[in-house]
Amino acid sequence: NSEAGALLESSKVDTIVFDKTGTLTADTQALTTIAYPPNVDTRIRRFRSNIVLAGGHTLVGMGEYETNLVGDPVDLSGLHHTHWKYDVHEKSATSRENNAKLWQLRSFPFDPVKKMSSALVLVQNNEDDGAFQLWVVAKGSPSKIRDLVQFESEEKG
């Protein structure tokens, strides 16, 4: 790994578990469930999680016309789960439900020290008069994500 902090972080490892079924070696990892925060309307929860999954990935286009998406199998599964149409050349995704659209402006790969990855995403929600919003989306360790959410709630409170 070329990440400078990865070597230091690895010194804290005392156990490594390998999956004998081949999930790790066969790239068959898949998103199976999304845990939503409580007390939020189902439609809003689905829309927000789709923004994270469709915009917060590190997938790239490969092939003759760069039309084949490749990368982390969990990112591929997450994007597939959203049912959003992804355009590799624009780095954009369009919702098939409400024509909302997003553009991934910048993605930040998984950081082993922060235990998360993130992206800067421009979202156009056509249900809100086509207004544009700038989102920072993050995926990673549940404890790290929970810390971010709690920090945001404390600042607003």
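Fair warning: this is a prediction, and the values are worked out from it, not measured in the lab.

**Regarding the pattern of salt bridges**
- This structure, assessed with the given rule, holds three salt bridges.
- For Glu-97, the salt bridge is made with Arg-46, and the minimal N-O distance between the two is 3.5 Å. Of this pair, Glu-97 sits in the loop between strand S4 (92-94) and strand S5 (101-111) while Arg-46 is found in helix H2 (residues 42-55), placing the two residues 51 residues apart along the sequence.
- In this structure, the salt-bridge partner of Asp-75 is Lys-139, at a minimum N-O distance of 2.4 Å. In this pair, Asp-75 sits in helix H3 (residues 73-82) while Lys-139 sits in strand S7 (residues 131-140), placing the two residues 64 residues apart along the sequence.

**As for the sheet that holds S4**
- Spatially, S3-S4-S5-S6-S7 is the arrangement adopted by the five strands of the open sheet, whose pairing is antiparallel. Each edge of the open sheet carries a strand with a single partner, namely strand S3 (85-87) and S7. Going across the sheet, the axis of each strand differs from the next one's by a mean of 25°, ignoring polarity.
- Relative to S7, strand S6 (residues 116-125) runs antiparallel, the two sharing ten bridges. Its bridge partner being in S7, Gln-124 is matched across the sheet by Phe-132.
- Across the sheet, H2 lies against S3, S4, S5, S6 and S7, angled at about 70° from S7, the strand it touches most.

**So, unusual backbone geometry**
- The residue His-83 is not glycine, and still its phi comes out positive at about 65°.
- You can see His-83 is positioned in the loop between H3 and S3.
- If you check the backbone angles, Lys-91 has positive phi at about 50° while not being a glycine.
- Structurally, Lys-91 is set in the loop between S3 and S4.

**Regarding the side chain of Lys-139**
- A polar atom in the side chain of Lys-139 sits 2.4 Å from the side chain of Asp-75.
- Excluding residues within four positions of it along the chain, Lys-139 makes contact with Val-52, Gly-56, His-57, Asp-75, Met-116, Ser-117 and Ile-145.

**Quick word on the packing of H2 against H3**
- Packing of H2 against H3 leaves a shortest axis separation of 8 Å and a crossing angle of 140°. As far as their axial angle goes, H3 and H2 are oblique. With respect to the hand of their crossing, H2 and H3 are arranged in left-handed fashion. The segment H2 lies against H3, with Asn-50, Leu-53 and Ala-54 engaging Gly-78, Leu-79, His-81 and Thr-82.
- For the contact of H2 with H3, a count of residues per class yields three nonpolar, four polar and no charged.

**Focus: the environment of Ala-54**
- Tracing the backbone shows Ala-54 in helix H2.
- Note on Ala-54: relative accessible area 0%, which makes it buried.
- Placed 25 residues apart in sequence, Ala-54 and Leu-79 show a C-alpha to C-alpha distance of 5.1 Å.
- Other than its neighbours up to four places away in sequence, Ala-54 contacts Leu-79, Thr-82, Trp-84, Tyr-86, Ala-93 and Leu-102.

Rules of the game
- Residues numbered from 1 in each chain as written.
- Predicted model: local features only at pLDDT ≥ 70, side-chain atom pairs only at ≥ 80, totals over all residues.
- Heavy atoms only, no water.
- Salt bridge = Lys/Arg side-chain N within 4 Å of Asp/Glu carboxyl O.
- Helix = DSSP H or I, 4+ residues; strand = E, 2+ residues; numbered from the N terminus.
- Pairing = 2+ DSSP bridges.
- Axes fitted to C-alpha atoms, helices over the stretch in contact; angles between N-to-C directions.
- Contact = heavy atoms within 4.5 Å.
- Polar contact = N/O pair within 3.5 Å; in protein donor to acceptor, adjacent residues only side chain to side chain.
- Parallel < 35°, antiparallel > 145°, perpendicular 65-115°, else oblique.
- Left-handed = near helix turned anticlockwise from the far one by under 90°.
- Nonpolar A, V, L, I, M, F, W, Y, C, P; charged D, E, K, R; others polar.
- Buried < 20%, exposed > 50% of the residue type's maximum accessible area, 1.4 Å probe, protein only.

This is a description of form; function is not addressed.
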